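# Structure at a glance
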Amino acid sequence: MDDTLHTMDAPEAPEAVGMSRDKLEEMFTRRLRSAVSARAGSGIESEWEEDQDQYDGIDELNPSQSGSQSKASPNMGARARRGGARSRVFLNITKPKILSATARVSEMALPTDDRPWEFDCTPVPEIDAAIESGSQEEVTLGDGTRVPAEVAAKALKDKARKKAERAQDYVDDWFVEGRVYAQIRRAIRDAARIGTGIIKGPVPVVRTDRRWSVGPDGVTQLSVVERLAPTSTCVSCWDLFPDPSVTDDLQAGAYLFEREYATSRTLREFAKTPGYDADTLVEILREGPLKISQYDERQERRTRPLESEDYEVYHYWGDLDPEDLINSGLSVRGVLEPAQEGDPEALETRRMQLERLATLTSVSIVATMINGRLVRVAPNPLETGAFPFDVVRWEAVEGRLWGSSATRSVRTPQRMLNASARAMMENVGMAKGPQVVAMRELIEPADQTDAINGRKLWWFKPNADVKDVRAAFAVFNIEPIQPYLRDIINFSLEMADQLSNLPMLLQGMQGQAAQTVGGMAMLEANATSPLKAHAKLLDDDLFTPHLTRYYDWLMQDPEVPEDAKGDLRVQPRAASVLVYRDFLANFLPQLLPFVKDPAFKLDPEKYVAELLRNNRFSPERVQLSPEQVQAMQEQAANAQPPEDPRITSANISATVKAKTMEAEIADRTQERQFKAEQADLNRQVQVYVTEMQKEIQAMEFAGQREMSFDQLKAMLAAKSMDIKTKRELFAAERQFAVNEGEGRGL
């Protein structure tokens, strides 16, 4: 988009053109002063300062050490001196709570594995009705083909869905390039800290793509391509001055001003950029930066000091009457083209442009002023004329653009805690030693010093009225009241949890929480429920309007192909989907029986992906790649067709019967063999017993008495036991062989 500002070669005299341009600059200056004064008079800047002081641990007894100037800073030193040796303890419970809250909201609304928004097809009732009814009425397509209405409707629906996916990819790439989510997290921190965060975008930036390639000759070449792309940035609320008539909708105002600070190097870069008036920039560089702001004389401590070499730059976003634009003598490429003197056709073109612009109500422009001089006028990069700014509020305030911070909700408990902690420290200091009261004319220290120390000698000088030293010298102890002050400290901490809706559980402190998994899940859900309201506010205040402008940019960008453009709508998901991840992580496992049941028509693949995603695990890490899925499908297609189940069943039955018969035959054979072996063992035993009996009788007849009868009986018993053991061992080996299919028993 070529937006060039220069003086128009109009028929008017140069003096008249200059006066018209001066009047336009005066109008911008007048509006800027009005916006600055209105914001200062609203009291919001005092709230920002107080919130920032509390977040940083700054109060009347602890002034800032950074050299910044607060409204209360001139009195801080005097008040601290009047306090004497008072405690200056500042137990900052605000900062940890703010950091915990912003971290939790960012985690819920801006996950790393999912986007908090999506593009969806705008519903068309006729198409949906044709799909639901299954209409077979034929319709004629653009090429003359006639197809059933249901088929045509499904094709249109599928085409629109693919366009939405392509559009998401483009916007997602822009977000990644510009690190937009990091800017949104900064805005959330600003909102929690001082109540308001500002996101600016989409705004055009020049992206440089560098690609290395190897030519046919083997030489490596670097190609550099510059392109225009949108991005978003976080802007400090101190640098935004809206129209004084704005209440709670920034887009309802007629204009707004954005402030930034630029060095001389930045101004020289401006001069190289199309659209900036190089001659005016040269004059500004020669005169140097202004030392005192001509728009904001209060020198607020949160603004950058103008004693440096920075230039104060203001960008005007808003509408301008066509008459004011015409009378200014300025030409804006794309809106009002310059005319060449002596060229009747060009003069006629200019006259027609003037007549066309005169019928318009306003022209949306962007103007830049440095040192009170106009250096650029360009059309709004968004054809809709919307302001590229969104206000992120921690807590919305009725009828006010600026929000209320989480810091302010802890303000009273923080002051209670500081007061009670300081009182405790002071009480400890006073109670650590006694208070001594003495009559100086009657009590005199031997070392001539009033210091209290051990083994010290005192001289007592009694008189007629005081004869007892205890009447002239007394010691008093200050009573410690730390238990009472500790109760106030605990009460302050409890109130901080309740008033801020940010319990200590969010900071990792369990306290009296239940030890069970269910109890902890319930406590965490209750603790984070207030933060879900903040995530919903992000949907309403940020994602919906911000992504809508990105959609407008996508539709008007000629570099975006047509297959990514369509009738789409933005669907924010921060509160509707992402916030309930913890709930879904516990709920989804209960759906597993229904997923297995084909009657419910649930997709197992999508179910597993959603289950992993809600447990903060990316499904892409374990899912098969498209190439692997295709290879598996091809392998399944090339595989042999499965055998008829009836044939398979018959073959299995025949195999089982054959193996059963073989086992029965083997069992009978083994049984016969076992019986034969048992009979053979029995015969051997009988033969052995018969032989022994014969030997006994022979010994008796022969008169041999060397071996007793009991010894013979023992010998026979041992032999019988040995035979029995062999028999049992063989039986065990046979049983093992039958069970295992191998061994000596077979």
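Attention in this report is confined to the structure presented alongside it. Predicted model only: the values in this text are computed from it and were never measured. (Residues numbered from 1 in each chain as written. Predicted model: local features only at pLDDT ≥ 70, side-chain atom pairs only at ≥ 80, totals over all residues. Heavy atoms only, no water.)

## Observations regarding the environment of Ile 127
Relative to the helices and strands, Ile 127 is located in helix α5 (residues 125–133). Under the relative-accessibility criterion, Ile 127 is labelled buried at 18%. Beyond its immediate chain neighbours, meaning those up to four positions away, Ile 127 contacts Ala 153, Leu 156 and Lys 157. (Helix = DSSP H or I, 4+ residues; strand = E, 2+ residues; numbered from the N terminus. Buried < 20%, exposed > 50% of the residue type's maximum accessible area, 1.4 Å probe, protein only. Contact = heavy atoms within 4.5 Å.)

## Quick word on helix α13 (residues 411–431)
Between its first and last C-alpha atoms α13 spans 30 Å; for 21 residues at 1.5 Å apiece the expected length is 30 Å, and the two agree. Pro 413, Gln 414, Leu 417, Asn 418, Ser 420, Ala 421, Arg 422, Met 424 and Asn 427 are the residues of α13 that are buried. (Expected span 1.5 Å × (residues − 1).)

## Some thoughts on the nonpolar core
One finds Phe 119, Val 171 and Ile 184 to be the most contacted residues of the largest nonpolar core, which totals 40 residues. For this core, the secondary structure elements donating two or more residues are α4 (94–109), β2 (117–121), α6 (149–178), α7 (180–194), β6 (220–235), α15 (517–556) and β18 (568–572). The element best represented in this core is α15, accounting for 8 residues. Residues within four places of Ile 184 in sequence aside, it is in contact with Leu 110, Ile 199, Leu 542 and Phe 543. (Core = buried A, V, L, I, M, F, W, Y, C linked by side-chain atoms within 4.5 Å.)

## Let's talk about unusual backbone geometry
The step from Gly 201 to Pro 202 runs through a cis peptide bond, and the omega angle for that step is -5°. Within the secondary structure, Pro 202 sits in strand β5 (residues 196–214). With phi around 55°, Arg 455 is a residue other than glycine that occupies positive phi space.

## Things to note about the layout of surface pockets
Leftover empty space is mapped by rolling, across the atoms, a probe with the size of a water molecule. Here the largest pocket defines a volume of roughly 1,500 Å³. Forming the boundary of the largest pocket are 44 residues, of which Val 203, Pro 204, Val 205, Val 206 and Leu 228 lie nearest the centre. Contributing elements (two or more residues each) for the lining of the largest pocket: α6, β5, β6, β8 (255–262), α8 (264–272), β9 (311–320), β12 (373–379) and α15. With 7 residues, the single largest contributor to the lining of the largest pocket is β6. (1 Å grid on protein atoms, 1.4 Å probe; cavity = no way out; pocket = protein on both sides within 12 Å on 5 of 7 lines; lining within 4 Å. Points joined across faces, edges and corners; volume = space filled by probe spheres on them.)

## Examining the pattern of salt bridges
Working definition: two side chains of opposite charge can pair if their charged atoms are close together. Scanning the entire structure with this criterion turns up 30 salt bridges. Its salt-bridge partner being Glu 47, residue Arg 400 comes within 3.2 Å of it at the nearest N-O pair. Highlighted residues: Arg 400 in the loop between β13 (389–393) and α12 (406–409) and Glu 47 in helix α2 (residues 44–56), separated in sequence by 353 residues. Salt bridges sharing common partners tie together Glu 177, Asp 209, Arg 211 and Arg 227. (Salt bridge = Lys/Arg side-chain N within 4 Å of Asp/Glu carboxyl O.)

## Some details on the sheet that holds β5
Across the sheet, 3 strands lie side by side as β6-β5-β13; this open sheet has antiparallel pairing. Bordering the open sheet on either side are β6 and β13, each of which pairs with just one other strand. Between one strand axis and the next, the sheet turns through 30° on average, direction left out of account. The strands that α6 touches are β5 and β6; relative to β6, the one it contacts most, it runs at about 90°. (Pairing = 2+ DSSP bridges. Axes fitted to C-alpha atoms, helices over the stretch in contact; angles between N-to-C directions.)

Spatial relationships are all this shows, so hold off on functional conclusions.
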